[in-house]
Amino acid sequence: MSRILMSRYNQPMKHDRIDEILAQWQQQSPQLDVSGLAIVGRVLRIARLLEKHRETVLADFGLNVWSFDVLATLRRQGPPYQLKPTELYSLLMLSSGAMTNRIDRLELDGVVQRIRDPDDRRSVSVQLTSKGIELTDSVMPVLFAKENQFLAQFTNTETETLIELLRRFLLSLNEVEK
């Protein structure tokens, strides 16, 4: 445990709010194994802080997290930057109703359009407009640069280790979800 509390420079690490919560549980219910909270609590807190950061960056472009997620998902598909609504809501883990509402709002903003399949008029695809492509391409470098600034404190080895550990953790949670 003392190894965990020492930084790579052999200095005691600062304590965060999760450390305080762990200490409170230790004092109130020492029989509980709260070791998982040391990780899960921090992952949840990091996720909330990163989402707030993203909201701030995206607001400068007139976007929010959900609208950016739709645009970025379409953009990373490559030309012609389109997906069927069922593919979109599956990738974004949304209900079909929520996806329809989001597409409607983005279509009003002129950043996506619905394209009817000429062979099957019941089938529709959602496609980025040129405005949507331009907006997404403007946001991505700014957002990624700011997120990379958060990670600049880590060495390349630390970053690779963190990526691998988080990947393993995520894959194990995906297995539980099945």
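Since we're looking at a predicted model, the values are computed, not measured.

## Here's the deal with the pattern of salt bridges
Okay, so step 1: Inspection of the entire model under this criterion finds eight salt bridges.
Okay, so step 2: Its salt-bridge partner being Arg 42, residue Asp 16 comes within 2.8 Å of it at the nearest N-O pair. Linking Asp 16 in the segment before α1 (17-28) with Arg 42 in helix α2 (residues 35-59), this pair joins segments that are 26 residues apart in sequence.
Okay, so step 3: Looking at Arg 42, the relative accessible area reads 23%, which means it is partly exposed.
Okay, so step 4: A salt bridge links Arg 114 to Glu 107; the shortest N-O distance between them is 2.5 Å.
Okay, so step 5: Within the structure, one salt-bridge network assembled from shared partners comprises Asp 16, Asp 19 and Arg 42.

## Quick notes on the packing of helix α3 (residues 65-75) against helix α5 (residues 96-108)
Okay, so step 1: Between α3 and α5, the least distance of the axes is 11 Å, while the angle of their chain directions is 85 degrees. Considered as vectors, α3 and α5 are oriented roughly perpendicular to each other. Contact residues: α3 offers Trp 66, Ser 67 and Val 70, while α5 offers Met 99, Arg 102, Arg 105 and Leu 106.
Okay, so step 2: Residue classes in the contact of α3 with α5 are distributed as four nonpolar, one polar and two charged.

## Examining the environment of Gln 31
Okay, so step 1: Locating Gln 31 in the fold gives a position in the loop between α1 and α2.
Okay, so step 2: Along the backbone, Gln 31 and Ala 152 are 121 residues apart, and their C-alpha atoms lie at a distance of 39 Å.

## Regarding the confidence of the model for the chain
Okay, so step 1: Predicted confidence across the chain gives a mean pLDDT of 89, with 92% of residues reaching 70 or more.
Okay, so step 2: Contacts for the low-pLDDT stretch residues 1-6, under 50 throughout, to residues beyond four places or in other chains number seven contacts.

Quick notes on the rules
Residues numbered from 1 in each chain as written. Predicted model: local features only at pLDDT ≥ 70, side-chain atom pairs only at ≥ 80, totals over all residues. Heavy atoms only, no water. Salt bridge = Lys/Arg side-chain N within 4 Å of Asp/Glu carboxyl O. Helix = DSSP H or I, 4+ residues; strand = E, 2+ residues; numbered from the N terminus. Buried < 20%, exposed > 50% of the residue type's maximum accessible area, 1.4 Å probe, protein only. Axes fitted to C-alpha atoms, helices over the stretch in contact; angles between N-to-C directions. Parallel < 35°, antiparallel > 145°, perpendicular 65-115°, else oblique. Contact = heavy atoms within 4.5 Å. Nonpolar A, V, L, I, M, F, W, Y, C, P; charged D, E, K, R; others polar. pLDDT = per-residue confidence, 0-100.

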